[in-house]
Amino acid sequence: MNLTKLALKRPVSVILIILSLAVFGLGSIPGFKMQLTPDMDMPMLIVMTTYPGADPESVDELVTKVVEDSGSTLSGIDSVTSQSSENLSMVMFTYEYGVDIDECYADLRTALDTASLQLPEDASSPVVIELNMSQSADMILSARAQGEQDLRKTLEDTFIPALESITNVAQVDVSGGSQEYIRVLLKEDMLKQYGLNMAAVANYLSAADFTVPAGSVKQGSQDISVSAAMEFNTVQKLEQVPIITAAGSVVHLSDVAEVSMAQEKADSISKSDGMENISISIQKKQSASVVQVTQKIEKLIAEYSEKNPGIEISVEYNSSDIITSSLWSVGKTLIAGVLISMAVLFIFFGDFKASLIVGSSMPISLLATLILMSMMGYSMNIVTMGSLVIAIGMIVDNSIVVIESCFRARDTHEDYKEAALWGTKAV
């Protein structure tokens, strides 16, 4: 009641407060982190251990039981679920809600380090997997090349480092394609002729690359270290690697081996639209905004494609498109709610000012909420936007009730201020 009196007596101050809310509320919008869902900590940790060649019964007795016993006594454990199959043990530890999952991870890791001493020698070290909703790729790119060239090596030398240097890019994974490497095929007859063997040639090759300190140079007040280095990283250079034979003479690698470029066997195959390509998946840091990171990546793609016309890089998946579309859909619902509410009020009350009051109360309340959300570190996501829509509905209900009460008070009070005061007091 006192707030209503104050608003009626100080209209200029109220207008200034509303303008301040509008300025600071609109100013807080660009700083929001936009994502599809809020960050969630799943209170679960999964421990996976491989035991090659073991049947399910052996895995359960020798591996799964050991892992269960080591983790079940830790604090915060709610339940333990395990599954033993051929060659593989999987144990899931479910924790109580509200625990610090990072602390639980450290405790479980320590317990497993001790328990691994009881595992069979052939069993691998237990791997702890933390469930995280933000671990999926935020952007997937497809790369193809025109003509004959080692596309994967070119990307890993130029494009991938540029991606990794973008602020808030956490991880870049490359799949598909194969890499070239320098293949050295020894000639058995020539090795016998020179009294050499594979180990001797391997030693000479490993010693070919070297870095030797060459003292220092004084430049003004600074001492600059100088070193001499030699790298044998091409076919031509490797062919000239000197090798000392059993008789003490010097031959080159090309005399005892065939040096050539070869293709590594691909460890993965990636296809897009039925054609082989190089797939690049990008994951952002958890604290970063998906939209801002993907915008920087799209800018980098445009710049790289302009400098390298023979390489085509396209976006196969962009999570920011889904996020932007979802948030815009919620935003349109919000705007439609404001306009429809104003129209309905104008139809029933026949007073444009009344509908304008209700219509203005919604964006003002929304801007005030955005300021608080920004201060508390909330992100703009489906959950928070949906909550705002529900809250706006409640504000509309309250505004309509107050406006209707003020209209009834207007029948007994000639002054608008008195009617507003008594109408609000009645509610």
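Structure shown above.
Note that the structure is predicted; figures quoted are calculated from it, not measured. Once a new chain begins, its residue numbering starts again from 1 and follows that chain's sequence as written. Predicted model: local features are reported for residues with pLDDT of at least 70 only, side-chain atom pairs are reported and counted for 80 or more only, and whole-chain, interface and lining totals are derived from all residues. In computing side-chain values, all of the structure's heavy atoms are included and hydrogens and water are not.

Asker: Would you mind going over the overall build of the chain with me for this structure?
Answerer: Counting from the N terminus, the helices are the DSSP runs of H or I reaching at least four residues and the strands are the DSSP runs of E reaching at least two. When helices and strands are counted, the chain shows 14 helices and 16 strands. Looking at the chain as a whole, 31% of its 427 residues are labelled buried. For the area figures, the Shrake-Rupley method with a 1.4 Å probe applies, and any residue is considered shielded solely by the protein chains shown. When the accessible surface of the chain is summed, it comes to about 25900 Å², and 57% of that surface belongs to carbon and sulfur atoms. Throughout, exposure labels follow a simple rule: accessible area from a 1.4 Å probe, protein chains only, divided by the maximum for the residue type, with under 20% read as buried, over 50% as exposed, and the rest as partly exposed.

Asker: Please clarify how a negative patch on the surface should be interpreted in this entry.
Answerer: Only residues above 30% relative accessible area that lack a salt bridge enter a patch, with like-charged residues linked at up to 9 Å and the nonpolar side chains Val, Leu, Ile, Met, Phe, Trp and Tyr linked at up to 5 Å. The working definition used for a salt bridge is a side-chain nitrogen of Lys or Arg within 4 Å of a carboxyl oxygen of Asp or Glu. His is not counted, nor are the chain ends, whereas Lys and Arg count as positive and Asp and Glu as negative. Charge positions come from single atoms, namely NZ of Lys, CZ of Arg, CG of Asp or CD of Glu. A surface patch of like charges, here negative, comprises Asp 55, Glu 57, Asp 60, Glu 61 and Glu 86. By secondary structure assignment, the location of Glu 86 is in the loop between strand E2 (77-85) and strand E3 (88-95).

Asker: Where do I start with the sheet that holds strand E5 (residues 139-145) in this structure?
Answerer: Through backbone hydrogen bonds, the strands of a sheet pair up, either in parallel or in antiparallel fashion. The antiparallel open sheet is built from four strands, whose spatial order is E6-E15-E5-E16. Each edge of the open sheet carries a strand with a single partner, namely strand E6 (169-175) and strand E16 (311-318). Across the sheet, the mean angle separating the axes of adjacent strands is 20° when strand polarity is ignored. In this scheme, strands are said to pair when DSSP sees at least two bridges between them. The pairing of E5 with strand E15 (residues 278-284) spans five bridges and is classified as antiparallel. Bridged to Leu 141 within E15 is Ile 280. Lying over the sheet, helix H10 (residues 290-307) contacts E5, E6, E15 and E16, oriented at roughly 165° with respect to E16. The axes used here are C-alpha line fits, helices contributing only the stretch in contact, and every angle between their N-to-C directions lies in the interval 0 to 180 degrees. What makes two residues a contact is simply this: any of their non-hydrogen atoms within 4.5 Å.

Asker: It is not clear to me how the side chain of Ser 70 should be interpreted in this structure. Could you clarify?
Answerer: Take Ser 70: it is sitting in helix H3 (residues 56-71). Discounting residues that sit within four places of it in the chain, Ser 70 has contacts with Ala 111, Leu 112 and Ala 115.

Asker: Honestly, the nonpolar core in this entry has me stumped. Any pointers?
Answerer: What tends to happen in soluble globular proteins is that the nonpolar side chains get buried as a cluster. Residues enter a nonpolar core if they are buried and are Ala, Val, Leu, Ile, Met, Phe, Trp, Tyr or Cys, with the set joined through side-chain atoms within 4.5 Å. In this structure, Leu 141, Leu 155, Phe 159, Leu 163, Ile 280, Ile 297 and Ile 313 are the most contacted members of the largest nonpolar core, which totals 22 residues. Of all the secondary structure elements, the ones that give two or more residues to this core are E5, helix H5 (151-164), E6, E15, H10 and E16. With residues up to four places along the chain from it excluded, the contact list for Leu 163 reads Leu 141, Val 169, Val 172, Ile 280, Ile 282, Ile 297 and Leu 300. Judged by nonpolar contacts, the second largest core, of 18 residues, contains Leu 370, Met 373, Met 380 and Met 385.

Asker: Please explain a nonpolar patch on the surface as it appears in this structure.
Answerer: Taken together, the side chains of Val 12, Ile 15, Leu 16 and Leu 19 present a nonpolar region at the surface, about 400 Å² in accessible area. Its place among the elements puts Val 12 in helix H2 (residues 11-28).

Asker: I'm lost on a positive patch on the surface in this one. Help?
Answerer: A cluster of basic residues, Lys 5, Lys 9, Arg 10 and Lys 425, forms a positive patch on the protein surface. Classification of Lys 425 as partly exposed rests on a relative accessible area of 48%.

Asker: Which parts of the structure should I look at to understand the pattern of salt bridges?
Answerer: Two side chains that carry opposite charge are able to pair once their charged atoms sit near each other. Tallying each qualifying case throughout the model produces four salt bridges. Two residues, Asp 113 and Arg 109, come together in a salt bridge whose shortest N-O distance is 3.4 Å. Taken as a pair, Asp 113 and Arg 109 lie in helix H4 (residues 101-115) at a separation of four residues, close to a single helical turn. Here Glu 188 makes a salt bridge to Lys 192, at a shortest N to O gap of 3.7 Å. On the criterion of helical spacing, the pair formed by Glu 188 and Lys 192 is a turn pair, its members being four residues apart in helix H6 (residues 188-194). A residue is classified by how much of its surface remains accessible, and Glu 188, at 56% relative accessible area, is exposed.

Asker: Teacher, can you tell me more about the side chain of Ser 379 here?
Answerer: Looking at the secondary structure, you find Ser 379 in the loop between helix H12 (352-376) and helix H13 (382-409). Apart from residues lying up to four places away in sequence, Ser 379 is in contact with Phe 32, Lys 33, Gln 35, Met 373 and Thr 384.

Asker: Hey, could you run me through H10 in this one?
Answerer: Note that an α-helix has 3.6 residues per turn; residues three or four places apart therefore point the same way. To estimate the expected span of a helix, count its residues, drop one, and scale the result by 1.5 Å. Taking 1.5 Å of rise per residue, 18 residues should cover 26 Å, and H10 covers 26 Å from first to last C-alpha, within 8% of that figure. By the burial criterion, the buried members of H10 are Val 290, Val 291, Val 293, Thr 294, Ile 297, Leu 300, Ile 301 and Tyr 304. Against E5, H5, E6, E15, E16 and helix H11 (319-349) lie the buried residues of H10.

Asker: Is there a simple way to explain the packing of aromatic side chains in this structure?
Answerer: Between rings of Phe, Tyr and Trp, where Trp is taken as its six-membered ring, a pair exists when centres lie within 6.5 Å; planes separated by under 30 degrees are stacked, by over 60 edge-to-face, and by other angles tilted. Counted according to the given criterion, the structure contains two aromatic pairs. Between Phe 346 and Phe 352, the ring centres sit 6.4 Å apart and the planes meet at 80°, which makes this aromatic pair edge-to-face. The class of Phe 346 is partly exposed, set by a relative accessible area of 41%.

Asker: What am I meant to see in the packing of H13 against helix H14 (residues 416-426) here?
Answerer: One way to put it is that H13 packs onto H14 with a least axis distance of 7 Å and a crossing angle of 125°. In terms of their interaxial angle, H13 and H14 are classed as oblique. Judged by the twist between their axes, the crossing of H13 over H14 is right-handed. Residue-level contacts link Val 402, Ser 405, Cys 406 and Ala 409 of H13 to Ala 419, Ala 420, Trp 422, Gly 423, Thr 424 and Ala 426 of H14. Residues that form the contact of H13 with H14 fall into these classes: seven nonpolar, three polar and no charged. Angle categories are assigned with fixed cut-offs, so that under 35 degrees is roughly parallel, over 145 is roughly antiparallel, 65 to 115 is roughly perpendicular, and the rest are oblique. Here is the rule for handedness: rotate from the far helix to the near one, and if that takes an anticlockwise turn smaller than a right angle the crossing is left-handed, while a clockwise turn gives right-handed. Any residue outside Ala, Val, Leu, Ile, Met, Phe, Trp, Tyr, Cys, Pro, Asp, Glu, Lys and Arg is labelled polar, Gly included; the first ten of those are nonpolar and the last four are charged.

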